[in-house]
Structure formats: C-alpha cells, structure tokens
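The residues making up each chain are set out below.
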Amino acid sequence: LDPNGVPLSSGSGRKRERKRRKAQRRAMEEKKEGGRKTGGSWFSTKEQRAKLNELKILAQVDAEFTSRMVPCGKSHDGKLLQMNTLIFEPNTLPGQENIPLVVAHGYGAGVGFFFRNFDSLASIPGTQLYAIDWIGMGRSTRVAFPKVTEEEKKKKKSLKKSTKDTRESEQKQSQSHHHQSQNKKSAFSVESSTLQRERHSSEVTQPNPEYDQGQKKIVETSEDFFLNPFEAWRKEMKIEKVILVGHSLGGYLSTVYAMKYPERLHKLILLSPVGIPDPPRSWEEDFDRKAKENWKLRTAKWLWESSTPQQVLRNADWLGMGKWLAHRMISRRFEHLDLDQNSIDAISGYLHSISILPRSGEDSLNTILKFGAWARMPLKNRIEAGLKVPTAFIYGEIDWMSPTTALLWLQRRHMPEVIKSCHIVSAAGHHMYLENPFEFNGIIREEIFEALNLKEETS
C-alpha cells in the first residue's frame, strides 16, 4: 500500500507513488540548493538558481551596479515581458550628460559572460553602462518563439527542390555549351554559345519572389521577437541615444536595430557579428556532396534544424549529466585562459542554469541562420544599402568569424562615414572579450572615447 492506503498494484496507486517519490527528490534537491519560498514552482526554483549563479559570476566585478527586471511590453499571447538588466553607476563628467553604453550578449549567453570587462567599461568618463539579456535568453522572460507555419515549410522544401533541379540543369547546359564550343570553330558559334551561357546564368541567379517574401517574413518575425522588446526597454529606461555593443548574434541584432532606428544610436560596435557575408554560391552543393559520404555532417545538420545546444543540455540534465556536460564544455573551451578553477566553475554553473530554462529565443538559430551559421538574409547587402550609423568591428585573431568583409570595406573606403575601423584582438577567438580582456578593453575604450570626442589620459 502507498501512504494513502491504495494498493500499489493498481494503476492509480503506482501513478500516485511515482508522483510522491518525484516530489521527494525535488524537495531534497531544493534543500541542497538552498530551498525555495512556499508556493513557488519548479520553474521558479530554476530561475532562482540562475539568479544565484549570475550573482556568483558577477561577484568578481568591483564596479557598483544594480540588477533589475525591466518591463518591455507584452508577448503575442499577452504575457508581460521583462528584460534582465544590469545598471552600473554613472561616471559623470562636469557639465555633461552621461551617454548610455549598452552591452548585448550573443547566442545562448547572458550578461555574466562580460564579467572581465565590466570594471573597465563602467569606468569610462561621461558614460553609464548597461548590460541586457535578450528576451528569451539569459534570465529575461521566456516566451514561445514564433513558429514557422506548415505553409512556409512547404515553400522552403519546394524552393530547395527547384534550386537543386536548376543547379543540375545549369551543369548539363554548361557541359553542352562546352561540347559545342569544342566542335564548332566559327567565331559566330563561340559568341552565340557565350551569350547563351550568360543569359542562362542570369536566369539561374534570378530570385524567386515567392520564396524571398516567405524567407523575409520568417527572418523579420524572428528579428522583431528580440528588437521590439529592446525598443520598449529603451523607452521604459527613458534613454534617447546609446552606444550599442553587440557580440555574435547580438551583433547581428544590434546591426538590424541600427538600420531600423538609426536616430537612437551614437555608435555601433560589433564584436565578431554573425551573418555578415553572403554564403558561397557552391556551398550547399559542396555540402550535399560531402554529406552523402559523411553521416556526421548529416547528423549535425539534422540537429541544427530540429534541436538546439540548450535542448541537448536539458536532455542531459534529465540523466543527471547536465552540469557535468556544461563544465566539460567550458573547461575545454577556455582551458588556455588564465582563469582559476573558481572562475571556470562560475562560468559553467551560470551557463548551465540559464540554458535549462524554458526553450525560447534559442530557436532563432534555425530561423535567422542556416546550417553553417550563414545568415538567411545576409547583412552585407543590407548594411551597404541601409546602415547610417558610425560602426566599428572587433574580431579575435583566431576567430571562426571572418573579418574579411569589414577589412575590404575599409581598404576600398566603402561607406567611409559608416565603416570606421576593424580591430583584431591578438591571441583570442570568438569570445575575444573573455579570452584577452586587457587588449579588448583597451580597444573598446578607444572606440568609445572617439565617439565621445575625448582623449584618454595615459600614465
């Protein structure tokens, strides 16, 4: 019999006993983690754990700050949105207003990842530092991410098939033209063949209007998921103009925000932004060929399109391996840094606790980006057509994001009023702010002083 006197052999008895044991396990874990308030939920316990781990990693920051959940509108289903925000003490210059400096993290990260930079950034004269978690990430409100409709899925499949058919047709016609040029020696025949190839090439590169609109809708809906709450946050904070610093996906979103609201920015600083270049024309074809011979590539693409790294961590958590997996990943990723074990533990604990919160903004991985981290709507042409804000780029020396496009813009003096600089942080990769904070902090201070028309005193 269970504690209520119901035979465990009955279905209801077994179900009730499983619930009781599950509740006991939860209570024991909550007691181990420091308990929870009466009336709280299992989700609120996870939120509390994430908050504790955020405070733990930020304990290494000396600058004074407050943590606040700032209202930033409502979701499509009426849920109140709140953006986790760190507000640092202003560093006021006599007779001047402080310029807000806003730092936005990348995919799957949070405000805690900048713990090695906050002291330096918060000390810049004439500024007030803010750090935010994007909606659906970090400790900000988690709401359902916009889903791709079945109709849009069919359009994407149809386009993929038509693109493949067109590519095969192009190859056949190219071979045919080559054969003709070999057998027909007259100049007229050669010229005619060349014109046909050029005409065919222009037809192949002609965009599919139906697909373009469908793709554009998916991407813009995903971008608005993050940017509409951010604009509401700006209004709630009564901020007029900012210097906006965005890393990786946060850099992508910051760029789109700058094109949408150029009047709200003094300057844009992009830290290894994702989604800048156009994918090579033959990339998908090359990948499909390699994937036929490599099951690991096929599996990686399937995981990209159907799951997320955070969901993998949640699944591991059910097996009791989530914390171990996060710790192993962080230890291997940053083993070359001068971080003590306490810092490694703080980073991995923080990453684990924000990753197992309900699934939300992480789903942008497949709606904004294709497999391989190529943007569905690359920023290169969008920047050239619509960016009006002075912009600086910062990359790591061994970054998996390439600075090529930014460097070419500078070399060709393309948009000189917009593209101002491109820096490479030595001995650092994609997380250059964490891997070489001394050099990174110096570069970003230089960029902000330039925006403020100030000169930093050096001893």
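In short, a report on the structure. Every value quoted in this text rests on a predicted model; they were computed, and no experiment measured them.

What follows is about the overall build of the chain. When you go through the chain residue by residue, the secondary structure sums to 17 helices and eight strands. Looking at the chain as a whole, 46% of its 459 residues qualify as buried. A separation threshold of at least 6 residues defines the contact pool for the chain, and within that pool the share at least 24 residues apart is 73%. When the accessible surface of the chain is split by element, carbon and sulfur atoms take 52% of a total near 24,700 Å².

In this structure, the second largest pocket occupies an estimated 850 Å³ of space. Tyr-107, Pro-309, Gln-310, Met-329 and His-431 are the residues nearest the centre of the second largest pocket, which is lined by 28 residues in total. Looking at the lining of the second largest pocket, the elements that each hand over two or more residues are helix H10 (309-318), helix H11 (322-333) and helix H12 (341-355).

So, about the nonpolar core. Counting 58 residues, the largest nonpolar core has Phe-230, Trp-233, Tyr-252 and Phe-393 as the members making the most contacts within it. Filtering out sequence-adjacent residues up to four positions away, Phe-230 remains in contact with Met-83, Val-102, Ile-132, Trp-134, Leu-244 and Tyr-257. Formed by 47 residues, the second largest nonpolar core is a distinct cluster that contains Phe-88, Val-103, Leu-351 and Ala-428.

Here we come to the sheet that holds strand E1 (residues 65-74). Within the open sheet, the eight strands sit side by side as E1-E2-E4-E3-E5-E6-E7-E8. Their pairing is mixed. Of all the strands in the sheet, the pair left with one neighbour each is E1 and strand E8 (419-425). On average, each strand axis in the sheet is inclined to that of its neighbour by 20°, with strand direction left out of account. Against the sheet, helix H15 (residues 404-411) makes contact with strand E7 (391-396) and E8, and its axis sits at roughly 135° relative to E8, the strand it touches most.

This part covers the pairing of strand E5 (residues 242-247). Side-chain direction in a regular strand flips from residue to residue, so the side chains alternate between the two faces of the sheet. Among the six residues in E5, six count as buried, and that is most of the element. On E5, burial covers both faces: Val-242, Leu-244 and Gly-246 on one face and Ile-243, Val-245 and His-247 on the other are all buried. Sheet topology places strand E3 (residues 99-104) next to E5; four bridges connect them, and they run parallel. For Ala-104, the partnering residue across the bridge sits in E5 and is Gly-246. Sheet topology note: the E5/strand E6 (residues 265-271) ladder contains six bridges and is parallel. Within E6, the position partnered with His-247 by the bridge is Leu-271.

The pairing of E1 with strand E2 (residues 80-88) spans eight bridges and is antiparallel. Along E2, the bridge assignment pairs Met-69 with Asn-84. Linking E1 back to E2 in an antiparallel pair, the connection comprises five residues, with Gly-78 at a positive phi of about 90°.

Further remarks concern the packing of aromatic side chains. Going through the model one piece at a time under the given rule, you end up with 17 aromatic pairs. Geometrically, the ring pair formed by Phe-88 and Phe-118 is tilted, given 5.0 Å between the ring centres and 45° between the ring planes. Placement of Phe-88 in strand E2 and of Phe-118 in helix H3 (residues 118-122) is noted, with a sequence separation of 30 residues between them. You'll find Phe-88 and Phe-118 in the same group, each marked buried. Here the aromatic rings of Phe-393 and Trp-409 are separated by 6.1 Å at their centres, their planes lie at 45°, and the arrangement is tilted.

Turning our eyes to something else, we now look at the environment of Asp-338. Positionally, Asp-338 belongs in the loop between H11 and H12. Look at Asp-338 and you get exposed, because its relative accessible area is 63%. On a C-alpha basis, the gap between Asp-338 and Asn-436 in space is 9.6 Å, while along the polypeptide they are 98 residues apart.

We now examine a nonpolar patch on the surface. There is a patch of nonpolar side chains on the surface, built from Trp-318, Leu-319, Met-321 and Trp-324 and spanning about 560 Å² of accessible area. Relative to the helices and strands, Trp-318 is located in helix H10. On the basis of relative accessible area, Trp-318 is assigned to the exposed category, the value being 71%.

Okay, empty space enclosed by the protein next. Enumeration according to the criterion identifies two cavities of 30 Å³ or more in this entry. Roughly 80 Å³ of volume is contained in the largest cavity. Forming the walls of the largest cavity are Tyr-107, Gly-108, Ala-109, Gly-136, Met-137, Gly-138, Arg-142, Gln-310, Ile-354, Ser-355 and Glu-362.

In total, this model carries 11 salt bridges according to the counting rule given. One salt bridge connects Glu-54 with Arg-139, and the closest N-O pair in it is separated by 3.2 Å. With a gap of 85 residues between them, Glu-54 in helix H2 (residues 42-58) and Arg-139 in the loop between strand E4 (127-132) and helix H4 (150-183) connect regions that are remote in the sequence. With respect to class, Glu-54 is no different from Arg-139; both count as buried. For the salt bridge of Lys-267 with Glu-450, the shortest nitrogen-to-oxygen distance reads 2.7 Å. With a gap of 183 residues between them, Lys-267 in strand E6 and Glu-450 in helix H17 (residues 437-451) connect regions that are remote in the sequence.

The rules behind each value
- Residues numbered from 1 in each chain as written.
- Predicted model: local features only at pLDDT ≥ 70, side-chain atom pairs only at ≥ 80, totals over all residues.
- Heavy atoms only, no water.
- Helix = DSSP H or I, 4+ residues; strand = E, 2+ residues; numbered from the N terminus.
- Buried < 20%, exposed > 50% of the residue type's maximum accessible area, 1.4 Å probe, protein only.
- Contact = heavy atoms within 4.5 Å.
- Areas by Shrake-Rupley, 256 points an atom, 1.4 Å probe, with all protein chains shown as cover.
- 1 Å grid on protein atoms, 1.4 Å probe; cavity = no way out; pocket = protein on both sides within 12 Å on 5 of 7 lines; lining within 4 Å.
- Points joined across faces, edges and corners; volume = space filled by probe spheres on them.
- Core = buried A, V, L, I, M, F, W, Y, C linked by side-chain atoms within 4.5 Å.
- Pairing = 2+ DSSP bridges.
- Axes fitted to C-alpha atoms, helices over the stretch in contact; angles between N-to-C directions.
- Phe/Tyr/Trp six-rings, centres within 6.5 Å; stacked < 30°, edge-to-face > 60°.
- Patch = residues over 30% accessible without salt bridge, like charges linked within 9 Å, V, L, I, M, F, W, Y side chains within 5 Å.
- Salt bridge = Lys/Arg side-chain N within 4 Å of Asp/Glu carboxyl O.

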